[in-house]
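One letter stands for each residue in the lines below.
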Amino acid sequence: MFFKTSFTTLIVGVFVVYVLHTCWVMYGIVYTKPCDNPKGGNCITPFLAGNPKLQLSIYTALQAKAEGGHTLIHKEEDFDVSNKFERIVNVSLPKKTRSNGTLYALIFVHQAGINPWQDQRQVHLVAQLTTYMVPKPPEISLISGEDQTQGQKEEAQQTKQGDGKPAGGARGGAASTPDRPVSHWRSRLTLNIVSDHFHFDREYLPSDVHRYLRVFQNGKKMVYLPLLFVDELSNRVKDLVEINSTSTELPLTISYDSISLGRLRFWIHMQDAVYSLQQFGFTEKDADEIKGIFVDTNLYFLALTFFVAAFHLLFDFLAFKNDISFWKQKKSMVGMSSKAVLWRCFSTIVIFLYLFDEQTSLLVLIPAGIGSIIEVWKVKKAFKIQVFWKGAKPTFLFGKLDESERRTEEYDTLAMKYLSYLLYPLCIGGAVYALIFLRYKSWYSWLINSLVNGVYAFGFLFMLPQLFVNYKLKSVAHLPWKAFMYKAFNTFIDDVFAFVITMPTSHRLACFRDDVVFLIYLYQRWLYPVDKTRVNEYGVSYDDKPKGKTHRD
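- As recorded in an unreviewed UniProt entry, the protein goes by Lipid scramblase CLPTM1L and comes from Acanthochromis polyacanthus.
- Taken directly from UniProt, the Subcellular location (unreviewed entry) text for the protein runs: "Membrane".
- Per UniProt, the protein has the following entry under Sequence similarities (unreviewed entry): "Belongs to the CLPTM1 family."

So this is what it looks like as structure tokens:
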């Protein structure tokens, strides 16, 4: 009996171990063991402890090693590492950069009055000011064929002609293909320096800080130069500006703020994690969604997000396990709305196609794809579909309904009949309105957007037939309540994620819409109590337990 345990208990145990291990790892990242004896020979002392006069100089160059020349764009002569500032400078773009090239920023922190290229006690980093991305395809009016920016271009051409200037193209040359990556300007450069006068111990020097640490010998002491850090996480896709042949000068916002050692180590690990995801095939847009979680929230809210995400993962897995188990053992559709199952399958597929068309983050796209596959399998179980293959041609065979299932089907059909009077006119009217007044990339994009808007706006109505069936039967014993409760918890957790992860507005509103339906289900659960030990009038028990031999047998 001691070794006998359920699979759910095992999963919960693994989850607790995972959370505790993650907390221990996070503690190891934030906490760094200081040197016990600052005057000892085993310590590395900070250069900033001597309050030296520093200067910040920023150059631009076509290559990372400044081969071929460099240009000074900004300098802070009286640079104080503890003072926060923000500067906006206009950067001249070389011809090679405008011709779909690159540009780098070379950031130096050096002693005041000394040329940074000759200062032996300078620290510098290289940051890329440009990145390559495929431009978003233009959206057009499917009826008139007018481009989204066509009117703006015509106004710009009329203005230029009125000033006596030629109206040149945006590219100034051959038009680019839609799938060709184009150089984009990163309009923000965020810098940080550790202001803590921290004394490192050689034996406990963190590996993540080691690559940023530059040390020199000062007598018998080892001294490390200021820890300079370029925050790549602050470079968001929304701040990118497409570079074309007419972009001779673009603004660059230079932000500086001091940072603690613990926050620096945390930022280094997060930056490396985002880079690793890109190496595994995540696009710039996918990485940008993860950046937004770290940049747009403070550390306390970030810690809350982590715990919420951990519980969301646990409930997702438990709901998946119980839902699959319920439908795997399901042999009768008594009390279950088959049309609601069919609609749920259709809506999840439409939502997946919509998220794919909108190039949504993989964090949202992958779970939606897995959910679509599961819903297709549920439809096969609900309609008792059997597939037979004759060569490459499939043959579908539908099972027959018994008397109790036909009674449920009558209630289901009646509920759908009432809903159709309201639902279909609203969906068709919304699609026609969008076709006339909104712009889309293609007819396919309009079709998917119209369908998904109908799903998001009125899709919850298709969850009502199950409520109607429950009302008519005065029973909820036929529902998978274990999986349902896990999904209910996840629905409220999704409300939190709706403010954290970037997603389409309609998808965000749908998270709150489901809350209302779940509350009605809970009310029915209270209104029609279930005796777990009693088999209901349809021969279905509340908790389907596998039949096995008794202890005596």
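Points about the pattern of salt bridges
- Scanning all chains against the criterion turns up eight salt bridges.
- Note that E86 is salt-bridged to R188, the shortest N-O span being 3.7 Å. Taken together, the residues span a long stretch of sequence, with E86 in strand 4 (residues 85–92) and R188 in strand 9 (residues 188–194) at a distance of 102 residues.
- A salt bridge links R186 to E232; its shortest N-O distance comes to 3.3 Å. Of the two residues, R186 sits in strand 8 (residues 182–186) while E232 sits in the loop between strand 13 (228–230) and strand 14 (240–242), which places them 46 residues apart along the sequence.
- The class of E232 is partly exposed, set by a relative accessible area of 22%.

Observations concerning the environment of K238
- Here K238 lies in the loop between strand 13 and strand 14.
- Each C-alpha atom of the pair K238 and S187 lies 9.9 Å from the other, and the pair is 51 residues apart in sequence.

Details of the pairing of strand 8
- Extensive coverage of strand 8 is indicated by the burial of five of its five residues.
- Residues of strand 8 alternate between two faces, with V182, H184 and R186 on one and S183 and W185 on the opposite face, all of them buried.
- When strand 7 (residues 130–133) meets strand 8, the two strands line up antiparallel, connected through four bridges. Residue pairing in the sheet places T130 in a bridge with W185 of strand 8.
- Of the strand pairs in this sheet, strand 8 and strand 14 are connected by three bridges, and their pairing is antiparallel. The residue bridging R186 from the neighbouring strand is L240, located in strand 14.

Side note on the packing of helix 1 (residues 7–30) against helix 5 (residues 261–279)
- For the pair helix 1 and helix 5, interaxial distance at closest approach is 7 Å and the crossing angle is 120 degrees. When the interaxial angle is binned, helix 1 and helix 5 end up oblique. In this structure, helix 1 contributes M26, G28, I29 and V30 to the contact, and helix 5 contributes G262, R265, F266 and H269.
- Residues that form the contact of helix 1 with helix 5 fall into these classes: four nonpolar, three polar and one charged.

As for the state of the cysteines
- Inspection of every chain in the model, using the stated rule, returns one disulfide.
- With its sulfur 1.5 Å from that of its partner, C35 forms a disulfide with C43. Looking along the S-S bond of the C35-C43 disulfide, the torsion reads about -60 degrees, which is the left-handed sense.
- Owing to a relative accessible area of 4%, C43 belongs among the buried residues under this scheme.

Rules used throughout
Along each chain, numbering runs from 1 in the same order as the chain's sequence is written. In keeping with the model being predicted, local features are shown solely for residues with a pLDDT of at least 70 and side-chain atom pairs are shown and tallied solely at 80 or more, while totals for entire chains, interfaces and linings include all residues. Only hydrogens and water are set aside when side-chain values are computed; all heavy atoms of the structure are taken into account. UniProt positions are given in the numbering used here, feature names are shortened, and annotations may be inferred rather than shown by experiment. Counted as salt bridges are all cases of a side-chain nitrogen of Lys or Arg within 4 Å of a carboxyl oxygen of Asp or Glu. Strands are runs of DSSP state E lasting at least 2 residues, helices are runs of H or I lasting at least 4, and numbering of each runs from the N terminus. For every residue, the accessible area (1.4 Å probe, protein chains only) is compared with the maximum for its type, and the residue is labelled buried under 20%, exposed over 50%, or partly exposed between those bounds. One bridge is not enough; two strands pair if DSSP finds at least two bridges between them. Axis geometry follows a simple rule: fit a line to the C-alpha atoms, using only the stretch in contact for helices, then measure angles between N-to-C directions, giving values from 0 to 180 degrees. Under this scheme an angle from 65 to 115 degrees is roughly perpendicular, one under 35 degrees roughly parallel, and one over 145 degrees roughly antiparallel; angles in between are oblique. Throughout, a contact is declared for two residues whenever any of their heavy atoms are within 4.5 Å. Polarity classes work like this: nonpolar for Ala, Val, Leu, Ile, Met, Phe, Trp, Tyr, Cys and Pro, charged for Asp, Glu, Lys and Arg, and polar for all others, with Gly in that last group. Counting rule for disulfides: a pair of cysteine sulfur atoms within 2.5 Å.

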